[in-house]
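The lines below spell out each chain.
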Amino acid sequence: MAHDPTGVQEDVHAISYTTYTLVWGALVALTLLLSAVSVFHLKDVPFLTPSLAAFIISPIKAGLVVFYFMHLKYETNNIYKIMLVITLGILIIFLGLTWLDVALR
Amino acid sequence: MSEMAVDRVAEAAHAEEHEVHRDYTGSKIGMWLFLFSECMLFGGLFIMYAMYRADYTQSFLAGGKEMNTAIGVFNTIVLLTGSWTVAMSITAVQRRHKKLAIGLISTTIGLGALFMVLKLFEWGQHIKHGLYPASSELAGHHGKQVFFALYYLMTGLHGLHVIAGMTVLTVMLILLIRNKITPEHSVALENAALYWHLVDIIWIFLLPLFYLAA
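Residues numbered from 1 in each chain as written. Chains lettered and ligands numbered in written order. Predicted model: local features only at pLDDT ≥ 70, side-chain atom pairs only at ≥ 80, totals over all residues.

1. Quick look at the overall build of chain A
Then, in step 1: Looking only at helices and strands, chain A features three helices and zero strands.
Then, in step 2: Counting from the amino terminus, chain A carries its helices and strands in the arrangement α-α-α. (Helix = DSSP H or I, 4+ residues; strand = E, 2+ residues; numbered from the N terminus.)

2. Notes on the overall build of chain B
Then, in step 1: Looking only at helices and strands, one finds seven helices and zero strands in chain B.
Then, in step 2: Moving toward the C terminus, one meets the helices and strands of chain B in the order α-α-α-α-α-α-α.
Then, in step 3: Here the C-alpha radius of gyration of chain B, 23 Å, is well above what a compact globule of 214 residues would show, namely 17 Å.
Then, in step 4: In terms of overall dimensions, chain B has C-alpha extents of about 80 × 40 × 25 Å along its principal axes. (Rg over C-alpha atoms; globule rule 2.2 N^0.38 Å.)

3. So, helix α3 (residues 57-65) of chain B
Residue and element names in this part refer to chain B.
Then, in step 1: Looking at α3, one finds that the buried residues are Ser59, Phe60, Gly63 and Gly64. Down the axis of α3, the buried side of the element spans an arc of 140°, and every buried residue falls inside it. In this structure, α3 carries Thr57, Gln58 and Lys65 as exposed residues pointing more than 90 degrees from its buried face.
Then, in step 2: Residues of α3 that are buried in the fold lie against α2 (24-55), α6 (142-177) and α7 (187-211). (Buried ≥ 20, exposed ≤ 12 C-beta atoms within 10 Å, placed from the backbone. Arc of directions from axis to C-beta. Contact = placed C-beta atoms within 7 Å.)

4. Brief notes about the interface of chain A and chain B
Then, in step 1: Contacts between the two partners involve 36 residues from chain A, matched on the other side by 39 residues from chain B.
Then, in step 2: Those elements giving two or more residues to the side of chain A that touches chain B turn out to be α1 (17-40), α2 (50-69) and α3 (79-103) of chain A.
Then, in step 3: When residues in the side of chain A that touches chain B are grouped by element, the largest group, ten residues, is from α1 of chain A.
Then, in step 4: In terms of residue class, the side of chain A that touches chain B is made up of 24 nonpolar, ten polar and two charged. (Nonpolar A, V, L, I, M, F, W, Y, C, P; charged D, E, K, R; others polar.)

5. A word on α1 of chain A
Then, in step 1: With 24 residues, α1 of chain A extends 34 Å between its outermost C-alpha atoms, agreeing within 8% with the 34 Å of an ideal straight helix rising 1.5 Å per residue.
Then, in step 2: Within α1 of chain A, burial applies to Tyr20, Val23, Trp24, Leu27, Thr31, Leu34, Ser35, Val37 and Ser38 of chain A.
Then, in step 3: Elements in contact with the buried residues of α1 of chain A: α2 of chain A together with α4 (69-94) and α7 of chain B. (Expected span 1.5 Å × (residues − 1).)

6. A few points about the environment of phenylalanine 210 of chain B
Then, in step 1: Counting through the fold element by element, phenylalanine 210 of chain B comes out in helix α7.
Then, in step 2: Once you skip the residues sitting within four places of it in the chain, phenylalanine 210 of chain B turns out to touch Gly64, Met67 and Tyr151 of chain B.

7. Observations concerning the packing of α1 of chain A against α4 of chain B
Then, in step 1: Viewed as axis vectors pointing N to C, α1 of chain A and α4 of chain B meet at an angle of 170°, and their least axial separation amounts to 10 Å. Our classification of the angle between α1 of chain A and α4 of chain B gives roughly antiparallel. Residues Tyr17, Tyr20, Trp24, Leu27, Val28, Thr31, Ser35 and Val39 of chain A of α1 of chain A form the contact with α4 of chain B, whose participating residues are Thr69, Val73, Thr76, Ile77, Leu80, Thr81, Trp84, Ala87, Met88 and Thr91 of chain B.
Then, in step 2: By residue class, the composition of the contact of α1 of chain A with α4 of chain B is twelve nonpolar, six polar and no charged. (Axes fitted to C-alpha atoms, helices over the stretch in contact; angles between N-to-C directions. Parallel < 35°, antiparallel > 145°, perpendicular 65-115°, else oblique.)

8. Let's talk about the nonpolar core
Then, in step 1: The biggest cluster of nonpolar side chains holds 71 residues, and the ones touching the most others in it are Ala87, Ile105, Leu169, Met172, Leu189, Ala193 and Leu206 of chain B.
Then, in step 2: Looking at this core, the elements that each hand over two or more residues are α1 and α2 of chain A together with α2, α4, α5 (98-128), α6 and α7 of chain B.
Then, in step 3: Residue contributions to this core peak at 17 residues, all from α7 of chain B. (Core = buried A, V, L, I, M, F, W, Y, C linked by C-beta atoms within 7 Å.)

9. Regarding unusual backbone geometry
Then, in step 1: Located in the positive-phi region is arginine 96 of chain B, a residue other than glycine, with phi close to 60°.
Then, in step 2: By C-beta crowding, arginine 96 of chain B is classed as exposed, having 10 other C-beta atoms within 10 Å.

10. Describing the packing of α1 of chain A against α2 of chain A
Residue and element names in this part refer to chain A.
Then, in step 1: Contact geometry of α1 with α2 gives a least axis separation of 10 Å together with a crossing angle of 165°. The angle between α1 and α2 falls in the class roughly antiparallel. Of the two elements, α1 crosses α2, and the hand of that crossing is left-handed. Packed against α1, whose contacting residues are Thr19, Val23, Ala26, Leu27, Leu30, Leu33, Leu34, Val37 and Ser38, the element α2 presents Pro50, Ala53, Ala54, Ile57, Ile60, Lys61, Leu64, Tyr68 and Phe69 at the interface.
Then, in step 2: Here the contact of α1 with α2 is composed, by residue class, of 15 nonpolar, two polar and one charged. (Left-handed = near helix turned anticlockwise from the far one by under 90°.)

11. Focus on the environment of threonine 31 of chain A
Then, in step 1: Here threonine 31 of chain A lies in helix α1.
Then, in step 2: Here the alpha-carbon distance between threonine 31 of chain A and serine 58 of chain A, two residues 27 residues apart in the chain, equals 8.3 Å.
Then, in step 3: Excluding anything up to four places from it in sequence, threonine 31 of chain A contacts Val73, Thr76, Ile77 and Leu80 of chain B.

12. Regarding the confidence of the model for chain B
Residues and elements named next belong to chain B.
Then, in step 1: Per-residue confidence for chain B gives a mean pLDDT of 91; residues scoring 70 or more make up 91%.
Then, in step 2: In the model of chain B, helix α1 (residues 3-18) stands out as the element of lowest mean pLDDT, 61, in contrast to α5, which has the highest, 97.
Then, in step 3: On the interface metric, ipTM, the complex scores 0.86, and its pTM is 0.87. (pLDDT = per-residue confidence, 0-100.)

Quick look at the structure:
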């Protein structure tokens, strides 16, 4: 029913309250972990220097929001995922080229 | 009235009665496209931050030390919770739990307001301490001036998005109360929630850049 001409919403996957709550719990836990790493400088924990933690944890948090809260995981139409990849690709090209310009000046 | 005109009026009335044109997929794709354009807008600012940070690393670290990390982290949790409640409001609408949905959307709007109050309090504190680009305290500290210019620009633009999101969600609340948002036609609420989540995602990246920079 992907193209129902009446426009009535099709295939809407109502995600359970439990799933949302688990994702929220994970997001809060990751935020606290990231803050703890940055504030207390947990130097003994390998691979968790503050900036590295930010580079890893923040994208994971954003991913949880995009895939669960924004339903991307449950979208049957792949166009959204394709658009996301294109957007991220363009941002990476912008960042990479700008970085090259600054680094090789 | 000519016969033709009468026909046309009857036809239009008939069309209005039976065909309210809705395009669920089109609405969704339109919203996502808009959100991606927002990503490019903030993406440009993030790139600017990265390049200036490479130039003024020490100043950016010093600037990060001036931030109130506790408020930053608390505000992050406020926004994440707002995203959680607005996401659940869609499930509530689809399960016909209208009262719960109204409560959840109201909670999100309230959390948005709390976020803005804390943000304004923070800005007030910074300005009181002379932490703004043209202040006499920062005179001569070019790197710190850049840090605070970016801070006000990025959190300010984000704040405008929070206000816009709260406005849109208020409209959704009214539509829901008036039964214009139903389990069959909830795409407006879904799109409003998508916008709110984007505002949340932007903040997820602003937190480590400014508050945890030190």
